[in-house]
Every structure is written in C-alpha cells, then in structure tokens.
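# Notes for the structure review
Listed below, chain by chain, are the residues.
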Amino acid sequence: MDLDYKRTKQHLEILTYFSKSIFRKNTVNDIFWDIITNCIEKLDFVDCVIYILDKERQVLVQKAAYGDKNINFEDVLNPIEIALGDGIVGNVAKTGEPELVSDTRGDPRYIVDDENRLSELSVPIFSQNEVIGVIDSEHPQAGFYEQYHLNVLQDIASISGFKISTTLSVAERDDLVSLLTENPNPVFRVSSNLNVILYSKSAENIVRRLKSMTESERFDILYESVEKALNENKSIKSFIQLDGKAYSVDIIPFFEQNYANLYLEDVTAYYDAKEQAEKANLTKADFISAMSHEIRTPLNSILNLNRLLSASEKDPERSKLFEAIEFSGDNLLTIVNDILDFEKLDAGKVVFQKSRFVIRNMIDRFYQLIFHRAKDKSIALKFNVNDSVGEAFVGDENRLMQILTNLVVNALKFTEKGYIRLSIDCIAQSEAEAKLKFTVEDTGIGIAKDKLDSIFNRYEQVHSLSKGNLEGAGLGLTITQRLVEQQSGHITVESEQGVGTTFSVILPYEISHTHLIETEQIIKVDDINLEGKRILVVDDAPINIFVAKKFLDGWLVEVLTAENGQQAIDICESESVDLILMDLQMPVLDGYQASSKIRSGNGKNSGVPIIAMSADVLSSSRELLEKSGIDDQLEKPFHPNELKLKIYANINL
C-alpha cells in the first residue's frame, strides 16, 4: 500500500512538472529534449529516444536521443529511421498501442542494435487521433519496466502530442504569442546583450520599471542571473523584490537563439507570510531568552544554597530532604536546558566548535560528570574504549559530552538493575578522518517495537506516565538526534522489552596529528588550591553574590564584589585581582561593555582572565564574548565544582 501511494504521488508530481514545463517550450527541439532528459532523471531510465513519423515516406525518424549512447547531449546528426510496422517501435506507430517488452530476447520483432538491451518500453504520441511519433526507452535489465512506467509515459505522450503538433504546424515560430496571451503570470524575453525584446501584458509594469533603472541596478537585481543562465546554458531559479512585491523567477536559456525567457510568479503573499513567521520566531527567541535568564538565575541560587546547607548537615533525615531538593532542581534544569537547546537548534544558532581533545581524557571527565547520577542506583557503569580508537581528535568535545550524557541519563532513567555500558570503536579511518561509533547499552525496561519509530520525535515519551519515572520534556532524544545529524553523523536504536536498549551513534572526527609531549592529566577538584587568590565577583543580584562568595570563602579566596559594570571598572583601576567573574545582564554597564572597557584600558587588570556568568545562553554567543574580551563562560546555574575548575583553568597558577 505504501509503494502504491508513493508511486501515485510520484506520478502526479511528474505530470505536474511536464504540464508546466512543456507549456513553456517554444520549439520542437526544446520539447524533445525536455521529455527525454526528464524521463531519464525522474523515471531512472538509462536512455530515451523520440521518433517522429514522416507520413510521406512512412518512416519514423529519430529526432532526439539521450542517455548512455548519447552522453554529450548532442543533436542527432545521423538519425535512425525505422519503417512503419518494423520492429517494436514501428509496430507501436502502426497499431497505436503501447508495448512493454520485459525480455527482448524472446521477441522476434526486436531490432538488435545493442545486445546489452534486454527490455523495451514504447508508447505512441497522438495528435488529433493520429499517431505522430513514438517515445521509446530500452534498458539492460530484463523486467525493468513496470506498468507504472507505462502509465506515466503514456500520460507524458498525451501532454506532449498537442504541443508538438501545434509547434510543427507553425514551423517552430520564433515568438511567444500563445504563451504570452495564455499565461497570466509575467513573462518576458531577454536577449544575450541583456535587452528586453518581448514581454506579456502582465509583465508591462515590471519591464517598464526595469528599463527605468541603470544598467548596474538591472544587473544586480536580476540580469546577473540571466547572464549566468546564458553563459552556462542551464536553467536558473532566482528571486527578486521590486516595488514592494516579491517574485519567484524561472530563467530558461535558449543558447543557440541568444536569448532567455523569464517566467515570474508573484509570491508576495508567501514572502510576507514567511517574513511574519521569521519575525514571530525572533519574538519567540527573545521571549525564551528572557525566560532563560529569569528561570536560571533563581534556580542557580536555589541549587547552590541547597548545596551549602547540605554540606554542613549531619542529620540523615534532613540530608535526604536536601537530596530531594537537588534532584528536583536538576530535573527542572534539564527541562529548561532542553527547551533552550531545542530553540537554538530550531533557530540555527548552534555552532559546532573545532578543537583538539583526547578521547580517553574526555571519558574520564564524562565519568566524573555522570557518576553522581548513578550512585544511588544498584547498577554498574561500564566504559570501554577499543584499541582501534586513536589518541586525539579535532571536533566539538562539549557537544559530544552532551550527546553521551543525554543517552546515558536516558538509560539511567529506565534501568533499575544490571548495567549501563558505553563503548567506543573506530569503524573507519583515513589519513585525515576517523569515524567513531559510540554505543550506549542498558539492561532497562526496553522499548516496544511499535514505539521505536517515534523515539526521536519531539515531546514524545514512549513510556506510560503512570509509571511515575519520567522526568523531562520529551526533547532529550530529539536534541541528541539533531546534534548528531548536524555533525554529519547518524544515530540508531535497537530495543527489546524486558531486556534493554542500545543506542548507536556514528560521528566523523578529524584526526589530530599533534603528538602529546606528555600525558594530559585530569585535575581533580579536591586537589585544586585557590588559597590567597583575589577574585572580583560582579553581579547585580545580591543573592548571586552571596552564593558565589560563600563558595569562594570556603576555598580561602579573597573576594571583592561589584553590583554593576561601572563599579567593576572602578575597582579594577584601584585594586589588583587574579580573575573576574562577570555577570552579563546588569544596569549602568552590562558585562560586555564592562569587559570591553577593562580590556581597552592600561590598568593593572587589563589582561586579567574574565569568566562570564550568564543565565541567558541564547544571547551570549561566543563571537560576542570574544569581541568583548571575555575569556570563558560559565552558564547559570552551575555546580560549585564547575566554578572551581573554571577558575583553575583560567588563572595562571
């Protein structure tokens, strides 16, 4: 049933195309070439030939041929002639009945001109109830042609018949009279020296407007595309805006005649709707950006205040309450992050970075990140990096971490016993690139086979809400799939209910040929000593300064504070600091402006590391951060360990 629907849809699309395309052709030759080239392209034929009947001599004369026998798209210089009634083609012309021959070896009528052609399809072209020609195709595969091909080719022949006979009857006239009067859309012809030489009534205003422009203006707005179409002898689709209207333009070159026909369609309504949709998307992005800041800022305070309280709590029962708060806060943060990531992917704002990373070090960091999520479950986390995997690669390590985190956290959610295993293999490698396969396997509850096709759909949650084990907005796997595919990768899933699920991700990475001087070491948070360092915290929210100061005090850091960008600049002019933690959205001067002024000054802190702390992850683009002189970024809400690692990485200890 699916194949029938697909074929019917394809059939209609082909007929729609030919109905429009052949209508635009003004010579028999153009019609012939349009038919045969598009039969090959749209029907997967290897060749296609058109014969026209010479009534006086009672022979069919080859007028156009294209395919592997005539690969250079050349005119037929030595046309084949077939007597009416001879061979399959001649028989079709004589009887007016189409022929589908599945195996030419069993048909004595077949005229052997190529022993490798084993099947043939021929249909008559009618005009006023008379056969005027034949469309013929041969194929090296026996049984290639189906009833579907026959039906489509018959319809093409019917559409073509009247147009061919009309064009023949007026000796391939060299004007557009019928086209110009019948086509309600603007149509005009431009010569090779870019002059308008003919136009329809509906094109009068457009042509008049074009003629009022300078040559340079005309060239920029439209004629550059016309010149390209003529020079390259190929059709071009273009788009112009003129006097408040938008037009889609099909430019069809006629190389030998030294002109091009331009077919315009008014798409102003569509363009306006598209523009409105884009504005709506921008408004939505602005709203989500603002909500990002408004939600993540207090969430940062809630989570970190909870961590401060739980660190000093001795009562086991109260400790469980703090753990429950952190669990719920993490789930809320996951939902917010998923919505933001989805918005960035939808808006095309995700930029993939290219930097060198060591795969085994990445796995160590990943383990530290994911371990605390699995510690309360009696399941084992297993990691395996195959010996086939190289040492270092170039790509976006953070996005890889996000993909793996999404998959492993998803596995943790639905696995109560057994294990979760992450395996990494190299499945293909060249001098410059390696394809790595990341496999996340779990022994969880599995996914029903009828749900597998929808597993990556947005907002889709394949397990029942009644089970009470769902967290998130149903966007995690959708985001994962998009992140993979936008890096030219591929993701698949296999699952069996009651047994488990396996996700496989294949991603290409450049191979880093830079040799390591010494093994990179993963710094453990507990080993970092920040005692005596002076850090300036800049934030307009007192609660954020309070939370940051609490952590920094605990690490024996000397803390200076400022409530806006101008205060930060003033402090930097009088005090020496080792690092600045800079909020981005503040009154008086925001974080971008303050950072830029600190960098442009000649003070003692002009080169000090600046880490942006932002709850608005949509607006704080890497390009804008770098332009302002900001070295690094920490997204709110952040874990204190992340803050400590960022400070360590940016201070020259």
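Here, the structure is the one placed above.
Scope of this entry: the structure provided in the associated data block. (Residues numbered from 1 in each chain as written. Predicted model: local features only at pLDDT ≥ 70, side-chain atom pairs only at ≥ 80, totals over all residues. Heavy atoms only, no water.)

## Overview of the overall build of the chain
Selection criterion: The helix count covers DSSP runs of H or I at least four residues long, the strand count covers runs of E at least two residues long, and both are numbered beginning at the N terminus. Buried residues are those whose accessible area, probed at 1.4 Å on protein chains only, stays under 20% of the maximum for their type, while exposed residues exceed 50% and partly exposed ones sit between those limits.
Scanning the chain from N- to C-terminus turns up 17 helices and 23 strands. Out of the 653 residues in the chain, the part that is buried amounts to 48%.

## Looking at the pattern of salt bridges
Counted only if it meets this: Salt bridge, as used here: a side-chain nitrogen of Lys or Arg that lies within 4 Å of a carboxyl oxygen of Asp or Glu.
In this structure the tally under the stated criterion is 18 salt bridges. Between Asp632 and Lys646 there is a salt bridge whose closest N-O contact spans 3.0 Å. Here the residue Asp632 occupies a position in strand S23 (residues 632–635), and Lys646 occupies one in helix H17 (residues 640–650), the gap between them amounting to 14 residues. Among the ionic contacts, a cluster of salt bridges with common partners joins Asp54, Arg57 and Glu81.

## Details of the sheet that holds strand S8 (residues 196–199)
The condition that has to hold: Two strands are counted as paired when DSSP detects at least two bridges linking them. Here an axis means a line fitted to C-alpha atoms, over the contact stretch when the element is a helix, while the angle between two N-to-C directions is reported on a 0 to 180 degree scale. It only takes one pair of heavy atoms within 4.5 Å for two residues to be counted as in contact.
The strand order across the open sheet formed by five strands is S8-S7-S11-S10-S9, and the pairing between neighbours is antiparallel. The outermost strands of the open sheet, each flanked by one partner alone, are S8 and strand S9 (236–242). Going from strand to strand, the sheet's axes swing by 25° on average, the running direction of each strand aside. Looking at chain direction, strand S10 (residues 245–254) and strand S11 (residues 259–266) are connected through eight bridges and run antiparallel. Within the sheet, the bridge partner assigned to Pro253 lies in S11 and is Ala260. On top of the sheet, helix H6 (residues 204–211) reaches strand S7 (187–191), S8, S9, S10 and S11; it is set at about 165° to S8, its chief contact.

## Remarks on the packing of aromatic side chains
We count it as follows: What counts as a ring pair is set by centres within 6.5 Å for rings of Phe, Tyr and Trp (its six-membered ring), and what kind of pair is set by the plane angle: stacked under 30 degrees, edge-to-face over 60, tilted for all other angles. A ring has a charge above it when a Lys NZ or an Arg CZ is no more than 6 Å from the ring centre and no more than 35 degrees off the ring normal.
Using the criterion set out here, one finds nine aromatic pairs in the structure. Ring centres of Phe254 and Tyr259 lie 5.3 Å apart, and the angle between their planes is 40°; this geometry places the pair in the tilted category. For Phe254, a relative accessible area of 4% puts it in the buried group. Residue Tyr259 is classed as buried on the basis of its relative accessible area, which comes to 5%. Relative to Phe383, the ring of Tyr367 lies with its centre 5.5 Å away and its plane at 80°, an arrangement referred to as edge-to-face. Placement of Tyr367 in helix H10 (residues 359–374) and of Phe383 in strand S13 (residues 379–385) is noted, with a sequence separation of 16 residues between them. Overall, the relative accessible area of 27% leaves Phe383 in the partly exposed class. Feature note: the residues Phe45, Phe144 and Tyr145 constitute an aromatic cluster, connected by ring pairs. Positioned above the aromatic ring of Tyr259 is the side chain of Arg189, whose terminal nitrogen or guanidinium carbon lies 3.6 Å from the ring centre. Lying across the ring of Tyr419, Lys382 places its NZ or CZ 4.4 Å from the centre.

## Some details on the nonpolar core
Basically, it comes down to this: Among buried residues, the Ala, Val, Leu, Ile, Met, Phe, Trp, Tyr and Cys ones that are joined through side-chain atoms within 4.5 Å form a nonpolar core.
Within the largest apolar cluster, 46 residues are counted, with the highest numbers of intra-cluster contacts made by Ile359, Met362, Phe393, Leu400, Leu436 and Phe438. Apart from residues no more than four positions distant in its own chain, Phe393 is found in contact with Ser355, Arg356, Phe357, Ile359, Ala434, Leu436, Tyr509, Glu510, Ile511 and Ser512. Counting residues in each nonpolar core, the second largest holds 29 residues, with Phe18, Leu43, Phe144 and Ala157 among its members.

## Quick word on the environment of Val92
Turning to its location among the elements, Val92 is positioned in helix H3 (residues 87–95). Take Val92: its relative accessible area is 0%, and that puts it in the buried class. Residues Val92 and Ser122 lie 30 residues apart in sequence; the distance between their C-alpha atoms is 6.8 Å. Setting aside chain neighbours within four positions, we find Val92 in contact with Glu97, Pro98, Glu99, Ser122, Val123, Pro124 and Val134.

## Some points on the packing of helix H11 (residues 397–413) against helix H12 (residues 476–485)
So the rule is basically this: Crossing handedness: left-handed means the near helix sits turned counterclockwise from the far one by under a right angle, and right-handed means the same turn made clockwise. When residues are sorted by character, Ala, Val, Leu, Ile, Met, Phe, Trp, Tyr, Cys and Pro go into the nonpolar class, Asp, Glu, Lys and Arg into the charged class, and all the rest, Gly among them, into the polar class.
Here H11 crosses H12 at 145°, and the two axes come no closer than 10 Å. In the packing of H11 onto H12, the handedness of the crossing is left-handed. Side by side, H11 and H12 meet where Arg399, Gln402, Ile403, Asn406, Leu407 and Asn410 of the first sit next to Gly476, Leu477, Ile479, Thr480, Leu483 and Val484 of the second. In terms of residue class, the contact of H11 with H12 is made up of six nonpolar, five polar and one charged.

## Let's talk about the sheet that holds strand S20 (residues 558–562)
Read from one edge to the other, the open sheet built from five strands follows the order S20-S19-S21-S22-S23, with strand pairing classed as parallel. Taken across any chain shown, the strands that pair with only one partner, and hence form the sheet edges, are S20 and S23. In this sheet, neighbouring strand axes are inclined to one another by 20° on average, regardless of whether the strands run parallel or antiparallel. Examined bridge by bridge, strand S22 (residues 610–614) and S23 share four bridges and lie parallel to one another. Looking at S23, one finds that Ala612 is bridged to Gln633.

## Describing a negative patch on the surface
Condition: Patches in this entry comprise residues that are over 30% relatively accessible and not in a salt bridge; like charges within 9 Å are linked, as are nonpolar side chains (Val, Leu, Ile, Met, Phe, Trp, Tyr) within 5 Å. Values of accessible area rely on a 1.4 Å probe in the Shrake-Rupley scheme; residue burial ignores everything except the protein chains shown. Lys and Arg are tallied as positive, Asp and Glu as negative. Neither His nor the chain termini are counted. In this description, the location of a charge corresponds to atom NZ of lysine, CZ of arginine, CG of aspartate or CD of glutamate.
Judged by side-chain charge, Glu217, Asp220, Glu224 and Glu227 come together as a negatively charged surface patch. Note on Glu217: relative accessible area 42%, which makes it partly exposed.

## A short note on H6
Owing to its 3.6 residues per turn, the α-helix aligns residues three or four sequence positions apart on the same side. We count it as follows: This arc describes the spread of directions from the helix axis toward the C-beta atoms.
Regarding H6, the residues found buried are Ile206, Val207 and Leu210. Looking straight down H6, one finds that the buried residues subtend no more than 95° of arc, so they occupy a single side. Facing away from the buried side of H6 by over 90 degrees, the exposed positions are Asn205 and Arg208. Contacts from the buried residues of H6 go to S7, S8, helix H7 (215–232), S9, S10 and S11.

## Points about the pairing of S9
A regular strand places its side chains on the two faces of the sheet in alternate fashion. Of the two faces of S9, the one holding Ile236, Ser238, Ile240 and Leu242 is buried and the one holding Lys237, Phe239 and Gln241 is not buried anywhere. Alignment of S9 against S10, held across seven bridges, turns out to be antiparallel. Directly across from Leu242, in S10, lies its bridge partner Lys245. Hairpin connection, S9 to S10: the antiparallel pair is bridged by two residues, and Asp243 has positive phi, about 50°.

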